[in-house]
Amino acid sequence: MNLIDRDNLIHKNGAPLCDTTTAIVQRRPLLTHCTAISGVLIAPQSSSFSNSNRKTVQFVDTYDLAAFDSCSDIDSKLDAFNELIVDVLDEVGPEKTFVVNRPPVPWLTVELRGLKKERDACYRAAKRCNSTFLFTRYVDLRRDFKRKLSLSKSEYLQRKFEFACRTRLFWKEIDSLGLTKKGSQVHHVPTISPDVLNAYFSSVASGNILPSFEECVAIFDFGNIVEKDLEFNLCNTDIVSVESAIKRIPTNARGLDGFSVQEYKAILNDTLPVILFLFNESISNSVFPLIWKYSSVCPLPKVRYPSSSSDYRPISLLFALSKALERIIYNQATKYLKDYDLLDHRQTGFKESMRTQSAVLRFADDTRLGIDQDEVTVAVFLDFTKAFDTVDHFLLLSK
């Protein structure tokens, strides 16, 4: 892996830049970084963090928190907090050494393992003794093992399908087992240079400069919002909301600071008051930390064998805590829209408990209603290419 200049790894305010590997930020090393030595992986043992809680509490209690009081803005306070996280993880982060092996398939039962051992032992004996009888026995055992393995695999997948509560989780597990094209394909290393991908990703958008907040407010129609109680204002959050927002982050991807949400969760009980302070500082001052506006862009192939820049999809790896703060803001905004019934009832996207199936059911129901009333149903489906990249912000606000 080559070190790439940081300016080629990040994007700000809608100008995406990418790197074909990952973002590398020069800072103090963490024990949470994995190190491979002769086939042995040394990595943090997240379950052992519970054994270090007492040591973590002692370290945080003795840590000089005066740095937060001396900071004048949210950005410098966030830098001081990142230094605190580095010191805590370097001090109390445990390590575990284990050998990297491929996990066994879940349908390989104890009975099948015993049958496999018997088959292999019979094969070795047949080769050693040059016995026709043992080789015939080996062929029978091999046939029996394949039949039972196939049956066990089918029964396992059938149980998973019958008891799957969510389709997305079901297919995610199937992909992890290597049973689909997505799960079986190897990790792809892009052959296109970062500069070419950067230029393409930057040209995808319409090229128009994003409107400022003042410009958006100037064109928005406030005529129908006359009551004072309809005004929307962000309010400070609490520890319960912050803890819930952090714990619900599903991915362990690392942002430019090098921290994953797993590391925050491991020491959350001791650092939660500081995180709450940072979030409330950002909300009360209406300032989003500058460093959280940057992200590491990773190109992922959209096809199995990409050959051009258009075959890649840019994925932005954000800071873990920035996702939690955005979740808190989202919850407050969504609650306001629900309380005052400001969303269109026909909208099914980006609404809780509403999915693609909701739109399909509504369309099917309207079609059947039209048939019952002897009416003709005409449907027009529009599929916009790169709709999110070319959306007109003023038109969106006016809607």
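Computed from a predicted structure; not experimentally measured. (Residues numbered from 1 in each chain as written. Predicted model: local features only at pLDDT ≥ 70, side-chain atom pairs only at ≥ 80, totals over all residues. Heavy atoms only, no water.)

Draft legend 1. Geometry of the overall build of the protein. Helix and strand counts for the protein stand at 16 helices and six strands. Burial statistics for the protein: of 399 residues in total, 28% are counted as buried. Restricting the contact set of the protein to residue pairs at least 6 apart, pairs at least 24 apart contribute 68%. Accessible area of the protein: about 27200 Å², with a carbon and sulfur share of 55%. (Helix = DSSP H or I, 4+ residues; strand = E, 2+ residues; numbered from the N terminus. Buried < 20%, exposed > 50% of the residue type's maximum accessible area, 1.4 Å probe, protein only. Contact = heavy atoms within 4.5 Å. Areas by Shrake-Rupley, 256 points an atom, 1.4 Å probe, with all protein chains shown as cover.)

Draft legend 2. Structural context of the packing of helix α3 (residues 74–92) against helix α12 (residues 268–285). Here α3 crosses α12 at 165°, and the two axes come no closer than 10 Å. Taken together, the axis directions place α3 and α12 in an arrangement best described as roughly antiparallel. Helix-helix and strand crossings are classified by hand; for α3 and α12 the assignment is left-handed. Residue-level contacts link Ile-74, Lys-77, Leu-78, Phe-81 and Ile-85 of α3 to Thr-271, Val-274, Ile-275, Phe-277, Leu-278, Glu-281 and Ser-282 of α12. Of the residues belonging to the contact of α3 with α12, the class tally is eight nonpolar, two polar and two charged. (Axes fitted to C-alpha atoms, helices over the stretch in contact; angles between N-to-C directions. Parallel < 35°, antiparallel > 145°, perpendicular 65-115°, else oblique. Left-handed = near helix turned anticlockwise from the far one by under 90°. Nonpolar A, V, L, I, M, F, W, Y, C, P; charged D, E, K, R; others polar.)

Draft legend 3. Here's a closer look at the nonpolar core. Of all hydrophobic cores here, the largest spans 33 residues; its most connected members are Phe-81, Val-242, Ile-246, Ile-275, Phe-279 and Leu-321. Those elements giving two or more residues to this core turn out to be α3, α10 (239–247), α11 (261–266), α12 and α13 (320–339). Sort the elements by how many residues they give to this core and α3 lands first, with nine residues. Sequence-distant contacts of Val-242, that is, excluding residues within four places in its chain, are made with Thr-237, Leu-272, Ile-275, Leu-276, Phe-279 and Ile-328. (Core = buried A, V, L, I, M, F, W, Y, C linked by side-chain atoms within 4.5 Å.)

Draft legend 4. Spotlight on helix α4 (residues 110–129). With 20 residues, α4 should reach 28 Å at 1.5 Å per residue; the first-to-last C-alpha distance of 29 Å fits that figure. Listed in full, the buried residues belonging to α4 are Leu-112, Leu-115, Arg-119, Cys-122, Ala-125 and Ala-126. Angular distribution of buried residues about the axis of α4 spans 150°; they occupy a single face of the element. Counted as exposed and oriented over 90 degrees from the buried face of α4: Val-110, Lys-117, Lys-127 and Arg-128. Just beyond α4, the residue with positive phi is Asn-130, at close to 55°. (Expected span 1.5 Å × (residues − 1). Arc of directions from axis to C-beta.)

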